[in-house]
Amino acid sequence: MLFKNISIVDENFDIIEDGFLQIEGDKIIYMGKAEPENYSGEIYNGKNKLMLPGFYNTHCHVPMTLLRGYGEGLPLHRWLFEKVFPFEAKLTGEDCYWATLLGSIEMIKSGVVSFTDMYFYIENMIQAVEESGLKVNISHGSSPKEGFSFKEIADYLDTDKMAKRYNNKNGKIKVDMGLHAEYTSTEEFVKEVAQYAKENNLIVHTHVSETKKEHLECKIKHGMTPIQYFEKCGLLDNKVIAAHCVYIEDEDLEIIKARDVSPVHCISSNMKLGSGFAPTKKMLDMEINLCLGTDGASSNNNLNYMEEIHLATMVNKGFYGDPEFMSSREILKMATINGAKSQGRENSGALKVGNQADFIVIDMNKAHLQPVFDYLANVIYSAQASDICLSVVDGEIIYKDGELTKIDEEKVIYESNKSKDRILSEI
């Protein structure tokens, strides 16, 4: 396919106006101002449209779409232990399949091409993701089970089976090693997870210092912060995606930088649960690979990535009293290049020749997007998810002009509500 007369956000977040971009298979093979010669394939007219790299939602629990609006108004620990965990105990693999498709619909419509997820029934989730056309880095939110060793629990067994089946094969599905958190694990368990991930070259996905309670109790229990504790246990010998990082300290930041950990900023979830504000300014000043995630739909309460981008830059400017902080380029880099790096996806996250053909197109011919002085500013501060008119993953169109090409939205909504009703009747 050849895209012509379209404005393109390049790898440096500069704009190529009235440009051309050609894809062949799953790769970008040409990008520039001149029209390629002797091209005879399909053409997409990009007049009044903007193409930019697709987004990476780097911390999510997609099946929690079934818990949207459930357990409102509670702090994190009460919300988890009183509402979420009892509901999740009733989930089946089929429930997680439909709920993953439900969340995928939201993400596709808001520009996501790949996401990082931690949950369970990951085989059912992978089936849903494959059907959706999205990419995923997926893991169990592993924690110890009384009376069982690490290699006897379903979290390990499923991870091992799925990693051997999918990793280093088609590229879209990557299986990571999940560790729910410091406060839901033991030191022995963390060390076992760290060793297994190292032996199998798996990325580790975990929650870190999400609340003051979690952070302070770790210091009381172990005499060190969660990041310092994880380093001691060998977890940071691996590539690590660390969700939230709200209460990390200066020494933690030095460790994160030295170990090339990728923290994930989840502004909506952190505000809604009253968890606090991550030290994003220090992270970006230190050139830490800061990413952006929605978290689950039960603590957000949506997976609208465009909204997450908008909130992150607005709130951080206000929080730090600095209108120059978290510029359009910075937030887009967090949402694209940094996200791809955290997932270990090479040749992804930016529009350039040789990269994967993962991108979205925004219709700029809307009253709220005109006039255009600054394309990136219009995307960050003015655009809505509904302005996305095309989404392409590995060269395949998965969303066009308001229609999903691979998912039956009506059926997904019906089946998801059936799951919700059954679970509520069983609690």
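The structure under discussion appears in the preceding block.
Computed from a predicted structure; not experimentally measured. Throughout this description, residue numbers start from 1 for each chain and increase along the sequence as written. Selection of residues for local features in this predicted model requires a pLDDT of at least 70, selection of side-chain atom pairs for listing and counting requires 80 or more, and totals for whole chains, interfaces and linings are taken over all residues. Values shown for side chains rest on all heavy atoms present in the structure; no hydrogens or waters enter the calculation.

Secondary structure elements are defined from DSSP: runs of H or I of at least 4 residues count as helices, runs of E of at least 2 residues count as strands, and each element is numbered from the N terminus. Counting its secondary structure elements, the protein contains 15 helices and 18 strands. Since a compact globule built from 427 residues should have a radius of gyration of about 22 Å, the 21 Å found for the protein is in line with a globular shape. With the C-alpha coordinates aligned to their principal axes, the bounding extent of the protein is approximately 65 × 45 × 40 Å. Across the 427 residues that make up the protein, the buried fraction comes to 60%. In this description, contact between two residues means that some pair of their heavy atoms is separated by no more than 4.5 Å. Taking the intrachain contacts of the protein between residues at least 6 apart in sequence as the baseline, contacts between residues at least 24 apart amount to 72%. Note that accessible areas follow from Shrake-Rupley with a 1.4 Å probe, and for residues the cover is restricted to the protein chains shown. In the form shown here, the protein has an accessible surface area of approximately 16,900 Å², with 47% of it arising from carbon and sulfur atoms. Just to be clear, the radius of gyration here is over C-alpha atoms, and the globule rule we use is 2.2 Å times residues to the power 0.38. Exposure categories follow from relative accessible area, calculated using a 1.4 Å probe and restricted to protein chains: below 20% of the type maximum is buried, above 50% is exposed, and the middle band is partly exposed.

Listing the buried residues of helix H12 (residues 328-335) in full gives Ser328, Ile331, Leu332, Met334 and Ala335. Down the axis of H12, the smallest arc covering the buried residues is 155 degrees, so these residues share one side. An arc is given here, and it is the one of the directions from the helix axis to the C-beta atoms.

This part covers the nonpolar core. Within the largest apolar cluster, 117 residues are counted, with the highest numbers of intra-cluster contacts made by Leu52 and Phe55. Of all the elements, helix H2 (residues 93-109) adds the most residues to this core, at nine residues. Residues contacting Phe55, with those up to four places away along its chain left out, are Ser110, Gly111, Val112, Val113, Ser114, Tyr305, Met306, Ile309, Leu332, Ala335, Thr336 and Ile360. Among buried residues, the Ala, Val, Leu, Ile, Met, Phe, Trp, Tyr and Cys ones that are joined through side-chain atoms within 4.5 Å form a nonpolar core. Judged by nonpolar contacts, the second largest core, of 18 residues, contains Ile23, Met51, Leu390 and Val392.

Right, let's get into the pairing of strand E3 (residues 27-32). A regular strand places its side chains so that they alternate between the two faces of the sheet. Here, any two strands with at least 2 DSSP bridges between them count as paired. Pairing analysis gives five bridges linking strand E2 (residues 15-24) to E3, with the strands arranged antiparallel. If you follow Gln22 over to E3, its bridge partner there is Tyr30. Connecting E2 to the antiparallel partner E3 that follows it, the hairpin turn spans two residues, and Gly25 within it adopts a positive phi of roughly 65 degrees.

Moving on, we get to the sheet that holds strand E12 (residues 240-244). Read across the open sheet, the five strands follow the order E10-E11-E12-E13-E14; overall the sheet is parallel. Every interior strand has two partners, whereas the edge strands, strand E10 (177-179) and strand E14 (291-292), have only one. Examined bridge by bridge, strand E11 (residues 204-208) and E12 share five bridges and lie parallel to one another. Looking at E12, one finds that Val204 is bridged to Val240. Geometry is summarised by axes, namely lines fitted to C-alpha atoms with helices restricted to the contacting stretch, and by angles between N-to-C directions that run from 0 to 180 degrees. Relative to the sheet, helix H5 (residues 187-200) contacts E10 and E11, its axis offset from that of E10 by approximately 165 degrees.

In this structure, Asn301 follows Asn300 across a cis peptide bond, with omega equal to 10 degrees. Inspection of the secondary structure puts Asn301 in the loop between E14 and helix H11 (305-320). Cis geometry marks the peptide bond from Gln370 to Pro371; its omega dihedral reads -5 degrees. Turning to its location among the elements, Pro371 is positioned in the loop between strand E15 (359-363) and helix H14 (375-382). Unlike most non-glycine residues, His244 shows phi in positive territory, near 85 degrees. Tracing the sequence through the fold places His244 in strand E12. Its relative accessible area of 1% is what places His244 among the buried residues.

Residue count minus one, scaled by 1.5 Å, sets the expected span of a helix. In a regular helix each residue adds 1.5 Å, so 18 residues correspond to 26 Å; helix H15 (residues 409-426) covers 26 Å between its end C-alpha atoms and thus fits that length. For H15, the set of buried residues is Val412, Glu415, Ser416, Ser419 and Ile423. The buried side chains of H15 occupy one side of the element, clustering within an arc of 105 degrees when seen end-on. Exposed side chains of H15 directed beyond 90 degrees from the buried face belong to Glu410, Tyr414 and Ser425.

Our next topic: the packing of H11 against H14. In the contact formed by H11 and H14, the axes pass within 8 Å of each other and the chain directions differ by 95 degrees. With respect to each other, H11 and H14 are oriented roughly perpendicular. Two secondary-structure elements touch here, H11 through Met306, Ile309, His310, Thr313, Met314 and Lys317 and H14 through Val379, Ile380 and Tyr381. Residue composition of the contact of H11 with H14, grouped by class: six nonpolar, two polar and one charged. An angle below 35 degrees is treated as roughly parallel, one above 145 as roughly antiparallel, one from 65 to 115 as roughly perpendicular, and anything else as oblique. Gly is placed with the polar residues, together with every amino acid not listed as nonpolar (Ala, Val, Leu, Ile, Met, Phe, Trp, Tyr, Cys and Pro) or charged (Asp, Glu, Lys and Arg).

Before going further, it helps to spend a moment on a nonpolar patch on the surface. Only residues above 30% relative accessible area that lack a salt bridge enter a patch, with like-charged residues linked at up to 9 Å and the nonpolar side chains Val, Leu, Ile, Met, Phe, Trp and Tyr linked at up to 5 Å. Criterion for a salt bridge: a side-chain nitrogen of Lys or Arg within 4 Å of a carboxyl oxygen of Asp or Glu. Residues Met271, Phe277 and Phe319 make up a contiguous nonpolar surface patch of roughly 260 Å² in combined accessible area. You can see Met271 is positioned in helix H9 (residues 267-272).

This next bit is on the side chain of Ser298. One can find Ser298 in the loop between E14 and H11. In this structure Ser298 comes out as buried when scored by relative accessible area, which is 1%. Apart from the residues lying within four places of it in its own chain, the contact partners of Ser298 are Met64, Leu67, Arg68, Glu72, Trp79 and Lys272.

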